[in-house]
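# Descriptive structure summary
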Amino acid sequence: MATTRQRVYQAWKGRNIFLLKGRLIFGPDARSVAITVLLILIPSVIFCTSVARNLAEELPPTSCLRYAIPAAAILFTIYVLVLLFLTSSRDPGIVPRNTHPPEDESFYDPSIRIDANNGRQTPTPRLPRTKEVLVNGLPVKVKYCETCMLYRPPRCSHCSVCDNCVERFDHHCPWVGQCIGVRNYRHFFLFVSSSAFLCIYVFAMSAWNIKFLMDQHVYLWRAMRESPASVVLMIYCFIFLWFVGGLTCFHLYLISRNQTTYENFRYGAMNRVNVYNKGCLRNFLEVFCSKTKPSRINFRAYVQEEQQTQQQQQYCFPAMQLREQANRENGDGGDDRRVKVEDNLEIDKDFMKISERHIAIEDGV
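Residues numbered from 1 in each chain as written. Predicted model: local features only at pLDDT ≥ 70, side-chain atom pairs only at ≥ 80, totals over all residues. Heavy atoms only, no water.

This brings us to the overall build of the protein. When its secondary structure is counted, the protein shows 10 helices and 11 strands. Residue burial in the protein is summarised as follows: out of 365 residues, 40% are buried. Of the contacts formed within the protein by residues at least 6 apart in sequence, a portion of 65% connects residues at least 24 apart. In the form shown here, the protein has an accessible surface area of approximately 21500 Å², with 60% of it arising from carbon and sulfur atoms. (Helix = DSSP H or I, 4+ residues; strand = E, 2+ residues; numbered from the N terminus. Buried < 20%, exposed > 50% of the residue type's maximum accessible area, 1.4 Å probe, protein only. Contact = heavy atoms within 4.5 Å. Areas by Shrake-Rupley, 256 points an atom, 1.4 Å probe, with all protein chains shown as cover.)

Here it is in structure tokens:
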């Protein structure tokens, strides 16, 4: 019986939710997107069915505003919902996981580990937690991710919600149910700023409707009682404008400095030199005029059949590396060379056992 081949999204180790056979990728809290849609859609429907209709009755029959006011609200709402969809349903810039640690940079911890079976001492594989890379001629420290088994690229961070390393990680937004990274930051900013303008538009039109009613009833409280929908929408938009409007201003500040939310909150008080700052104009051009980077992962591709072979290579370390490390740690004493060779042979056997045990565990998972 032929075994069915798995696609990458079916074997993905992160917490993402995939739809349409891997074409759409959401975060684990994707259900919150439905709440966000309702928070946008319900006020817009109330506005078009109540406030916009009242304004159409008050305006002259020949005025084009009778149709322009509800049409603008509908188009604006659709635009905001499309931006929400583009932000929440695409790869934010996930860095592919390694199937094994970077072997060329691995070394062995000289700290001793005692094997409980035969009491022999074996070195423990370990990688440096950080290393330095040059960015624009300045050194930048990058960290090693134990989960993804890679050195994160500059500005990359591991999202604890999605369990992925995301390139140019900004933050994980629960309102869109997705990480915000290098591939969806532009759509996220446009979504937030457009939501702010939609709040301003609905607030202004509702206030205009109250103005028309005041001309008829003189008193403000009578006008408010005549159109409670306008009052509710004004309060609603005023509250949410503080949120999305403040967020828009904050991200305008971040874009002008070429900084992410994560970097601002973590390093903002340290007065560190921002090696990514290219000047205000170039920073804005980088966000809004640069081409979106292609995804590093083809989630619809088939999982490579040689993955098991790569897993075997993950834990099978060459005996020569072990001998060289043992020589560096213990010296080159003539009387001890024979003992070191015997130890290396035992180490080879120990690591082969570790390899088999890890592969068995991973196959079981």
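Okay, the nonpolar core next. Counting residues in each nonpolar core, the largest one holds 32 residues, and the members touching the most others are F47, I69, F191, Y201 and V202. Listed by contribution, the elements that provide at least two residues to this core are α1 (32–58), α2 (65–88), α3 (185–217) and α5 (228–257). By residue number, the principal contributor to this core is α3, which donates 12 residues. Every residue in contact with I69, bar those within four places of it in the chain, is listed here: F47, A52, L55, L59, Y201, M205 and W208. Within the second largest apolar cluster, eight residues are counted, among which are W12, F18, I25 and I94. (Core = buried A, V, L, I, M, F, W, Y, C linked by side-chain atoms within 4.5 Å.)

This part is about the UniProt feature "transmembrane region" (unreviewed entry) in the protein. Under the feature "transmembrane region" (unreviewed entry), the UniProt entry names residues 33–55, 67–87, 188–210 and 230–255. As a span, residues 67–87 carries 100% helix and 0% strand, and end to end its C-alpha atoms are 30 Å apart. Across residues 188–210, helical content stands at 100% and strand content at 0%; the span's end C-alpha atoms are separated by 33 Å. (UniProt positions renumbered as here; feature names shortened; annotations may be inferred.)

Taken in spatial order, the three strands make up an open sheet running β5-β6-β7, and their pairing is antiparallel. Edge strands, defined here as strands with exactly one partner in the open sheet, are β5 (130–135) and β7 (150–151). Pairing geometry for strand β6 (residues 138–145) and β7, over two bridges, is antiparallel. Note that in β7 the partner of C145 across the bridge is L150. (Pairing = 2+ DSSP bridges.)

With 27 residues, α1 should reach 39 Å at 1.5 Å per residue; the first-to-last C-alpha distance of 39 Å fits that figure. In α1, a bend of some 40° at F47 exceeds every other bend along the element. Among all positions in α1, only S32, V33, T36, I40, P43, S44, F47, S50, V51, A52, L55 and A56 are buried. (Expected span 1.5 Å × (residues − 1). Bend = angle between axes of the 7 residues up to and from the residue.)

What follows is about unusual backbone geometry. One non-glycine residue, M149, lies in the positive phi region at around 55°. Here M149 lies in the loop between β6 and β7.

Here α2 spans 34 Å end to end across 24 residues, near enough to the 34 Å set by a 1.5 Å rise per residue. Every buried residue of α2 is listed here: I69, P70, A73, T77, V80, L83, L84, T87 and S88.

We now examine the packing of α5 against helix α7 (residues 280–288). Two numbers describe how α5 lies on α7: the axes approach to 7 Å, and their chain directions differ by 110°. Taken as axis vectors, α5 and α7 run roughly perpendicular relative to one another. Together, L252, I255, S256 and R257 of α5 and C280, N283, F284, V287 and F288 of α7 make up the contact between the two elements. Residues belonging to the contact of α5 with α7 are distributed by class as follows: six nonpolar, two polar and one charged. (Axes fitted to C-alpha atoms, helices over the stretch in contact; angles between N-to-C directions. Parallel < 35°, antiparallel > 145°, perpendicular 65-115°, else oblique. Nonpolar A, V, L, I, M, F, W, Y, C, P; charged D, E, K, R; others polar.)

Here the focus is the environment of R296. Within the secondary structure, R296 is located in the loop between α7 and α8 (307–315). Of the residues examined, R296 reaches a relative accessible area of 43% and is grouped as partly exposed. Sequence-distant contacts of R296, that is, excluding residues within four places in its chain, are made with D91, I94, V95, P96, P153 and E167. A polar atom in the side chain of R296 sits 3.4 Å from the side chain of E167. (Polar contact = N/O pair within 3.5 Å; in protein donor to acceptor, adjacent residues only side chain to side chain.)

To continue, consider the state of the cysteines. Scanning the entire structure with this criterion turns up zero disulfides. Residue C162 stays outside any disulfide, its sulfur separated by 3.5 Å from that of C179, the closest cysteine. Judged by relative accessible area, which is 1%, C162 ranks as buried. Left unpaired, C165 is separated from the closest cysteine sulfur, that of C145, by 3.6 Å. (Disulfide = S-S within 2.5 Å.)

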